[in-house]
2 protein chains.
Amino acid sequence: MAKEGADMTEETEYMIDKNVSKEAENVESSGDAKEMRAVVLAGFGGLNKLRVTKKAMPEPQDGEVKIRVKACGLNFLDLMVRQGTVDNPPKPPLVPGFECSGIVESVGENTTGFEIGDRVMAFVNYNAWAEVVCTPVDFVYKMPEEMTFAEAAAFSLNFVAAYMMLFEVANLREGMSVLVHSAGGGVGQAVAQLCSTVPNVTVFGIASCFKHAAIRDSVTHLFDRNVDYIQEVKKISPEGVDIVLDCLCGENTAKGLTLLRPLGTYILYGASNMVTGETKSFFSFAKSWWQVEKVNPIKLYEENKVIAGFSLLNLLFKHGKCSLVKSVMDKLLCLYDQKKIKPVVDSLWALEEVKEAMQRIHDRGNIGKLILDVEKSPTPLLTICMPSYDINKHKIPFMN
Amino acid sequence: MAKEGADMTEETEYMIDKNVSKEAENVESSGDAKEMRAVVLAGFGGLNKLRVTKKAMPEPQDGEVKIRVKACGLNFLDLMVRQGTVDNPPKPPLVPGFECSGIVESVGENTTGFEIGDRVMAFVNYNAWAEVVCTPVDFVYKMPEEMTFAEAAAFSLNFVAAYMMLFEVANLREGMSVLVHSAGGGVGQAVAQLCSTVPNVTVFGIASCFKHAAIRDSVTHLFDRNVDYIQEVKKISPEGVDIVLDCLCGENTAKGLTLLRPLGTYILYGASNMVTGETKSFFSFAKSWWQVEKVNPIKLYEENKVIAGFSLLNLLFKHGKCSLVKSVMDKLLCLYDQKKIKPVVDSLWALEEVKEAMQRIHDRGNIGKLILDVEKSPTPLLTICMPSYDINKHKIPFMN
């Protein structure tokens, strides 16, 4: 077994991974599994802190559901967890991951509403990147029949966050305009789709140039992330926009507030600008913190503006708003049934490929959601060792 | 005529006022009035800067309506105008006042929708406290038949502000809770009435003790303004409240944010704490500015909170949102017709009594709105000279 937190070469790790996989197979085949495979973060830091290893099989407590995981969602926040830049993370070693889809394997005592064999998607407070996970019944939702496991793992966090920001925090209505950063990402694509369910909404998307061809049809106006987007938006809409959704933070907060029309709402829902390299950069952290504008409420009064922060995970796991989230999920599943929304999956990765997947999200290479497919076999070692590793290799066709 | 900005004794002023009144009568009786009476602020400062004097009769420009004023609303903001603590006030001498009701006397060119004789209420960008005022047609609304002029002057600003804060900015819905400062004031009473149109809304009101008997039935819980309201609210609702409406500013901003539940909204809509004495106090101004918490958006993100500023006058006169305000007014007039809301008038005052009216609002003596009744004769001089002048003398019965 890998010594937790130890610094090893890629090669050593892969050897261990292979051993783990063999052991896991043996365990599974015995039919009485006491262990399962999981992605473990040995300590905060770079990609080398991640490995796939065996963990004790979890069992559901009172009010919990035990899920045989099929697919897990990978979010930018997972990079921040890995680097240790999130607020109050658990002490490593830990299993990352906040969302998954799978099949109910058993339920704890006093757990109603689910039966063994149900296809479900779920939020988990860490521990999602594993073959099996247990989570309170309040965070579990039944999947529509026609939804695949990959779609389900791409659905929960992105669509719930997008919906709540647009309709709970900002009150999106007919004729309004929305600016969204990282328009090609999972939340960005969910925002674009949800905006299209409201008549006459203008969406200004910001994304890297190489994504423009793929996502052009999903938004009204598309800008390169390196241009002066304030000027570009004001050319089209001199008055600014009604809603700004910002996952970058830093200097974009002041820019977003500047772009707001009267009664407009700026929502900060991430701080990806704090991540620049593979490991935590105190410089990026400090720069982002320093650049973010502290807001004087008297200025908001004079300008009739609204500033909000939104963290779905805190809402679920710290603030106890799971019944509100459940009602939002019900509305979203209606929209899915009516074929008005559909999660965009960027690519599928084996648990053993989590580092490459993380690198892809770090490089903003994705269009839509990156998924860890628990049943997928890792790509042969050879391709990973190649210096010009092609991040588009795993891409599946863009779904619109 | 009084020399503008000159410092005079009460006695001198009243003599001048009488002369003005006589002149005005003569002018009116001639049937071809070139002048009208108005409250003029000679310079920023104390009550002695206010006097009633003659001004040239205004005539409506393109797109304007000329209104023979019957009643004007008096707001706390008018005190701040008088002291010169508002942002970018016009240069005095000026006629204060932002709202009135009356009868359409004529309309400018290209002015449609109103006819001579229409009973109307209107917003005005200053100049409301006069016998006649002209204002763009976008700021004029027809009064319901059964509404009195006093009610109409008490309706526009308070109810539109309360409605927009609760439903446009904060999205009030069934089962939520609202904390409102100055619950006995014009906006406070409008907030309480509008909250009662939504099922199961809890209203925490804060008001001076002597108002409690009069307004107890309008809110769910009532606290004295001198108690530690954070503790009092948390005793009843440990989770806090969904909406905080703050017209005080200063230290109440941090307190309001503390009291918010996740996804809750704090709205600053005034800064009455900046006013402590009769004239502008740089100490109060600086203290309030210093105490108001500058908000870090990253903290809002972690706590899932929303902070907003709301200024109806800026929205109307700077931000060009008059068509939105018109649609809000339509909804409010529906609620009035259904007898779900009714403006609360505290007291009626002659133009010549504007100083006493202002003193009453400064002392937070009012329950509901103070109205300048343009056709009312001033109370005899004697009573004003009495040292123990009774501010309740003018009060009309509390309307609920």
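Residues numbered from 1 in each chain as written. Chains lettered and ligands numbered in written order. Predicted model: local features only at pLDDT ≥ 70, side-chain atom pairs only at ≥ 80, totals over all residues. Heavy atoms only, no water.

Looking at an unreviewed UniProt entry, one finds chain A named Vesicle amine transport 1-like, with Sander lucioperca as its source organism. Chain A has a UniProt comment under Sequence similarities (unreviewed entry) that states "Belongs to the zinc-containing alcohol dehydrogenase family. Quinone oxidoreductase subfamily." (UniProt positions renumbered as here; feature names shortened; annotations may be inferred.)

S.K.: How should I be thinking about the interface of chain B and chain A in this particular structure?
M.R.: The figure often quoted for interface size is the accessible area lost as the parts come together. Between chain B and chain A, the contact holds 42 residues from the first and 42 residues from the second. When the area that chain B buries against chain A is broken down by residue, the three leading residues are Leu-263, Ile-298 and Tyr-301 of chain B, summing to 18%. Here chain B is connected to chain A by two salt bridges. As a salt-bridge pair, Glu-168 of chain A and Arg-173 of chain B come within 3.2 Å of each other at their nearest N and O atoms. At the junction of chain B and chain A, the tally comes to twelve residue pairs in polar contact (both at pLDDT 80 or more). Taken together, the elements giving at least two residues each to the side of chain B that touches chain A come down to α3 (149-169), β12 (260-268), α9 (297-303), β13 (306-309) and α10 (312-317) of chain B. Examining the composition of the side of chain B that touches chain A, we find that six residues originate from one element, α9 of chain B, more than from any other. The class makeup of the residues in the side of chain B that touches chain A is 23 nonpolar, nine polar and ten charged. Across three bridges, the pairing between strand β13 (residues 306-309) of chain A and β13 of chain B is antiparallel. Across the sheet, the residue bridging to Val-306 of chain A is Ala-308 of chain B, located in β13 of chain B. (Contact = heavy atoms within 4.5 Å. Buried area = accessible area lost by both parts, 1.4 Å probe. Salt bridge = Lys/Arg side-chain N within 4 Å of Asp/Glu carboxyl O. Polar contact = N/O pair within 3.5 Å; in protein donor to acceptor, adjacent residues only side chain to side chain. Helix = DSSP H or I, 4+ residues; strand = E, 2+ residues; numbered from the N terminus. Nonpolar A, V, L, I, M, F, W, Y, C, P; charged D, E, K, R; others polar. Pairing = 2+ DSSP bridges.)

S.K.: What is the right way to read helix α7 (residues 252-259) of chain B from this model?
M.R.: Along an α-helix, a turn takes 3.6 residues, which lines up residues three or four apart on a common side. If you check which residues of α7 of chain B are buried, you get Asn-252, Thr-253, Gly-256, Leu-257 and Leu-259 of chain B. Buried residues of α7 of chain B fall within an arc of 160° about the axis and therefore sit on the same side. (Buried < 20%, exposed > 50% of the residue type's maximum accessible area, 1.4 Å probe, protein only. Arc of directions from axis to C-beta.)

S.K.: Where do I start with the relation of the copies chain B and chain A in this structure?
M.R.: Each copy of the chain is related to the other by a rotation around an axis and a translation along that axis. By a simple turn and slide, chain B fits onto chain A: the slide is 0.0 Å along the axis, the RMSD is 0.0 Å, and the turn is 180°. The relationship between the two copies is best expressed as a two-fold rotation axis. Both copies present the same face, since 100% of the interface residues in chain B are matched by interface residues at the equivalent positions in chain A. (Least-squares fit on C-alpha atoms with pLDDT ≥ 70 in both.)

S.K.: Help me out: how do you make sense of the pairing of strand β6 (residues 132-136) of chain A in this one?
M.R.: Across a regular strand the side chains alternate sides, sitting on one face of the sheet and then on the other. Residues and elements named next belong to chain A. Judged by how many residues are buried, β6 sits mostly within the fold: four of five residues are covered. The pairing of strand β3 (residues 64-74) with β6 spans five bridges and is antiparallel. Residue pairing for β6: Ile-67 is matched across the bridge by Val-133.

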